[in-house]
Amino acid sequence: MRQSLPPFPIQARSLVKTFGAFRALDQLDLTVQNGEVHGFLGPNGAGKSTTIRALLGQLRLDSGTADVFGLHPWKDSVEIHARLAYVPGDTSLWPGLSGGECIDVLGRFQGSMNAKRRDELIERFELEPTKKARTYSKGNRQKVALIAALSCDAELYILDEPTSGLDPLMEAIFQQVIEELNHEGRTVLLSSHILSEVEALCDRITIIRGGRTVSAGTLEELRSGTLTRIEAVAPHRASGLHNLPGVTELEFDHRARGVRTKLMATHAAMPEAVRLISETSPSDLVVNPPSLEQLFLEHYQESQTESSTATEEKL
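Residues numbered from 1 in each chain as written. Predicted model: local features only at pLDDT ≥ 70, side-chain atom pairs only at ≥ 80, totals over all residues. Heavy atoms only, no water.

(A) Up close: the pairing of strand β10 (residues 227-234). Of the strand pairs in this sheet, β10 and strand β12 (residues 258-266) are connected by eight bridges, and their pairing is antiparallel. When the sheet's bridge partners are listed, alanine 232 is paired in β12 with threonine 261. (Pairing = 2+ DSSP bridges. Helix = DSSP H or I, 4+ residues; strand = E, 2+ residues; numbered from the N terminus.)

(B) How the structure looks around the layout of surface pockets. Volume-wise, the largest pocket comes out at about 360 Å³. Forming the boundary of the largest pocket are 16 residues, of which Ala85, Tyr86, Leu106, Phe109 and Gln110 lie nearest the centre. Along the lines of polarity and charge, the residues of the lining of the largest pocket split into eleven nonpolar, five polar and no charged. (1 Å grid on protein atoms, 1.4 Å probe; cavity = no way out; pocket = protein on both sides within 12 Å on 5 of 7 lines; lining within 4 Å. Points joined across faces, edges and corners; volume = space filled by probe spheres on them. Nonpolar A, V, L, I, M, F, W, Y, C, P; charged D, E, K, R; others polar.)

(C) Molecular detail of the side chain of aspartate 26. Looking at where aspartate 26 falls in the secondary structure, it is placed in strand β2 (residues 22-32). Residue aspartate 26 is classed as buried on the basis of its relative accessible area, which comes to 16%. Apart from the residues within four sequence positions on either side, aspartate 26 is in contact with Leu15, Gly210, Gly211 and Arg212. (Buried < 20%, exposed > 50% of the residue type's maximum accessible area, 1.4 Å probe, protein only. Contact = heavy atoms within 4.5 Å.)

(D) Structural detail: helix α4 (residues 115-124). Turning to α4, its buried residues number three or more, namely Arg117, Arg118, Leu121, Ile122 and Arg124. Down the axis of α4, the buried side of the element spans an arc of 165 degrees, and every buried residue falls inside it. Along α4, the residues that are exposed and aim more than 90 degrees away from the buried face are Ala115, Lys116 and Glu123. Each element contacted by the buried residues of α4 is listed here: α3 (99-110), α5 (138-150) and α6 (168-183). If you check the start of α4, you find a side-chain oxygen 3.0 Å away from the backbone N of lysine 116, and it comes from asparagine 114. Just downstream of α4, glutamate 126 is the residue with a positive phi angle, here 55 degrees. (Arc of directions from axis to C-beta. Polar contact = N/O pair within 3.5 Å; in protein donor to acceptor, adjacent residues only side chain to side chain.)

(E) Geometry of the packing of aromatic side chains. In total, this model carries one aromatic pair according to the counting rule given. A cation sits over an aromatic face here: lysine 17 above phenylalanine 19, 5.4 Å from the ring centre. Taking NZ or CZ as reference, arginine 83 lies 4.2 Å from the ring centre of phenylalanine 69, over its face. (Phe/Tyr/Trp six-rings, centres within 6.5 Å; stacked < 30°, edge-to-face > 60°. Lys NZ or Arg CZ within 6 Å of the ring centre and 35° of its normal.)

(F) The arrangement of the environment of threonine 228 in detail. Inspection of the secondary structure puts threonine 228 in strand β10. Along the primary structure threonine 228 and alanine 265 are separated by 37 residues, whereas in three dimensions their C-alpha atoms are 5.2 Å apart. Leave out the neighbours within four places in its chain, and threonine 228 touches Leu263, Met264, Ala265, Met270, Val287, Asn288, Pro289 and Pro290.

(G) The sheet that holds strand β3 (residues 37-41), seen in detail. Reading across from one edge, β5-β6-β7-β3-β8-β9 is the order of the six strands in this open sheet, with mixed pairing throughout. What marks the edges here is a single partner per strand, and that holds for β5 (84-87) and β9 (212-218). When the angles between neighbouring strand axes are averaged without regard to direction, this sheet yields 15 degrees. Contacting β3, β5, β6 (156-160), β7 (187-191) and β8 (204-209), helix α1 (residues 48-55) runs over the sheet at an angle of about 145 degrees to β7. Sitting on the sheet, α5 is in contact with β5 and β6, with an inclination near 170 degrees to β5. (Axes fitted to C-alpha atoms, helices over the stretch in contact; angles between N-to-C directions.)

(H) Representation of the sheet that holds strand β4 (residues 63-68) in the model. Strand order in the open sheet formed by three strands is β2-β1-β4, with antiparallel pairing between adjacent strands. If you trace the sheet from one side to the other, it starts and ends with β2 and β4, each paired once. For this sheet, the mean angle separating the axes of adjacent strands, direction not counted, is 25 degrees. In the sheet, strand β1 (residues 10-19) pairs with β2 via eight bridges, with the strands oriented antiparallel. The residue bridging lysine 17 from the neighbouring strand is leucine 25, located in β2. Against the sheet, α1 contacts β1, β2 and β4, and its axis sits at roughly 65 degrees relative to β2.

(I) Fine view of the packing of α3 against α5. Across the interface, α3 lies against α5 with an axial gap of 9 Å and an inter-helix angle of 40 degrees. Relative to α5, α3 is oriented oblique. Pair α3 / α5 crosses with right-handed handedness. On the side of α3, the interface is formed by Gly99, Cys102, Ile103 and Leu106, while α5 contributes Val144, Ala145, Ile147 and Ala148. For the contact of α3 with α5, a count of residues per class yields seven nonpolar, one polar and no charged. (Parallel < 35°, antiparallel > 145°, perpendicular 65-115°, else oblique. Left-handed = near helix turned anticlockwise from the far one by under 90°.)

Just distances and angles here, no functional claims.
In structure tokens, the structure reads:
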């Protein structure tokens, strides 16, 4: 029987973890809401895996508080692990066991594997379960971990680079399965370097760098502080764009088939800019909000600048 999840099945505040002189987590915050797919993004070495290991009770924090299901990851790890499923980014298997046997062993660790769903996922991920694990490629080892975790009736799935080694077709199958679990009301924390995957699946996103949270929110909220590119072709110029606050890089290019308009608009200015252009009966109108990749790079660059500034001030 599934237990009711608290509003925030994962809450982490001001997490600090050092390894010698290296500060892996530096006041990191992370909140995952019940029933959402939450993207966890950051460059290599940002602290994603360290955060996940702390949530799983695999390491002790130096300071800060972390709760999973309202429980303490270190003290209540047995109860927590009975309610979640985990996929690491690099899976090691028992070389003498077959893939199917490895799936069953991993499933018994969690304790709630659905045999029918297991068989269905083996077919969907095109895994040959009778082969020995020693013969598997990295992609097939990852399939074993995914099938074992996603076959379980868990309340929370913690996935750390889960599609590492998978080909694009299998990545698409993975996305379908996550969407199905989400429709059932399951909660997913997804750490991934594939930005298109996060953009397609995630309700909210946390971006971290250098062990710190640099941004968190829905994709729409993250886009609200950025610029959207708008391009249109219409019989004549749209009036009022020059005086519209939030519109920049405005260009008009007169052509044989009309006037091509290009501009950048803030989130607040975008609806009015589109309305003014629409009044000219455009034959083409393209609105390009910033992609997750652009947002990620922007936040990454901003945090780099802030870090450099802080270092210069210390000097």
